[in-house]
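Geometric and topological summary
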Amino acid sequence: MQTENPITRVAIIMAGGSGERFWPLSRQHHPKQLLNLTSDTKNMLQEAVDRLTPLIEAEHIYVVTGTHLVDAIQAAGIGISDENVVAEPCKRDTAGCLVFAAAHVLARYGGDGSNVSMAVVTADHQIGAPELFCKTIDASLHIAETQG
């Protein structure tokens, strides 16, 4: 009898902002994802983590960012381990970030990728219906996991 290998769900939060859009509130080492823009108590990155944790364990949530933001994100206390804040070797926009993130996940979890499903979200969006957002992510991951 052959048993299926379980699929690990992981989330990648893209957080490579350069801190230009909300200047002077945001700066190079404190971009908008580290600002409390939509909550009095949480920065936008913490909100992104909190939206995902009902669906994906914090140990499987990764923040991919620039090297200049690693320390600030680790110090922000967003609920993931410091080792899950991953610095891109160089800024290459969204496609480069996702290739790097996928390679990091493959190296971390081993295998050929069939043992992992990956949700990709951003760190700096306001989501008005977090329950619906979570259901949509769950449904999308389920399709990816079951439809090959």
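Residues numbered from 1 in each chain as written. Predicted model: local features only at pLDDT ≥ 70, side-chain atom pairs only at ≥ 80, totals over all residues. Heavy atoms only, no water.

1. Comments concerning the nonpolar core
Rules: Here, the term nonpolar core denotes a set of buried Ala, Val, Leu, Ile, Met, Phe, Trp, Tyr and Cys residues that are joined through side-chain atoms within 4.5 Å. Throughout, exposure labels follow a simple rule: accessible area from a 1.4 Å probe, protein chains only, divided by the maximum for the residue type, with under 20% read as buried, over 50% as exposed, and the rest as partly exposed. In this description a helix means any DSSP run of H or I spanning at least four residues, a strand means any run of E spanning at least two, and both kinds are numbered starting from the N terminus. Note on contacts: a residue pair qualifies if any of its non-hydrogen atoms lie within 4.5 Å across the two residues.
Membership of the largest hydrophobic core comes to 24 residues, with the highest contact counts inside it found for Ile-13, Leu-45, Ile-61, Val-63 and Ile-73. Secondary structure elements with two or more residues in this core: β1 (8-14), α1 (44-52), β2 (61-65), α2 (70-75), β4 (116-122) and α4 (130-146). Per-element accounting of this core gives the leading share, four residues, to α1. Those residues in contact with Leu-45, other than ones at most four positions away along the chain, are Ile-13, Ala-15, Gln-33, Leu-34, Val-63, Ile-73, Ile-78 and Ala-123. Formed by 10 residues, the second largest nonpolar core is a distinct cluster that contains Ile-12, Val-86, Val-105 and Val-116.

2. A look at the packing of aromatic side chains
Any pair of aromatic rings gets described here by the distance separating the centres and the angle formed by the planes. Put simply, the test is: Here the aromatic set is Phe, Tyr and Trp, taking the six-membered ring for Trp, and pairing holds for ring centres within 6.5 Å; pairs whose planes are under 30 degrees apart are stacked, those over 60 apart are edge-to-face, and all others are tilted.
Scanning all chains against the criterion turns up one aromatic pair. Their ring planes at 90° and their centres at 6.4 Å tell us that Tyr-62 and Tyr-109 sit as a pair that is edge-to-face. Taken together, the positions of Tyr-62 in strand β2 and Tyr-109 in helix α3 (residues 93-109) put the pair 47 residues apart, joining distant regions of the chain. A relative accessible area of 21% means that Tyr-109 is categorised as partly exposed.

3. A short note on α1
This is how it is decided: Think of a polar contact as two N or O atoms within 3.5 Å of one another; within protein, one of them needs to be a possible hydrogen donor and the other a possible acceptor, and neighboring residues in sequence only count if both atoms come from side chains.
Of all nine residues in α1, eight are buried; the element is thus mostly enclosed. Buried residues of α1: Met-44, Leu-45, Gln-46, Glu-47, Ala-48, Val-49, Arg-51 and Leu-52, and no others. Taken together, the buried residues of α1 touch β1, β2, α2, β4 and α4. The opening residue of α1, the one whose side-chain oxygen lies 3.0 Å from the backbone nitrogen of Leu-45, is Asn-43.

4. Some words on the pattern of salt bridges
For clarity, the cut-off: For this analysis, a salt bridge means a side-chain nitrogen from Lys or Arg found within 4 Å of a carboxyl oxygen belonging to Asp or Glu.
Here the structure, examined in full by the defined rule, presents four salt bridges. The salt bridge involving Asp-50 is made with Lys-42; its shortest N-O contact spans 2.6 Å. Salt bridges sharing common partners tie together Arg-9, Asp-138 and Glu-145.

5. Structural notes on unusual backbone geometry
Most peptide bonds are trans, and most residues other than glycine sit at a negative phi. With a phi close to 65°, Asp-93 is a non-glycine residue in the positive phi region. If you trace the backbone, Asp-93 turns up in helix α3. Relative accessible area serves as the criterion here: at 58%, Asp-93 is assigned to the exposed category.

6. Describing the pairing of β2
Under the convention used in this document: The rule for pairing is simple: two strands pair if DSSP sees at least two bridges between them.
Burial runs high along β2: five of the five residues are buried. Alternating residues of β2 divide into Ile-61, Val-63 and Thr-65 and Tyr-62 and Val-64, and every residue in both groups is buried. Sheet topology note: the β1/β2 ladder contains four bridges and is parallel. Paired with Ile-12 across the strands is Tyr-62, a residue of β2. Relative to strand β3 (residues 85-87), β2 is paired through three bridges, and the arrangement is parallel. Counted as the bridge partner of Thr-65 is Ala-87 from β3.

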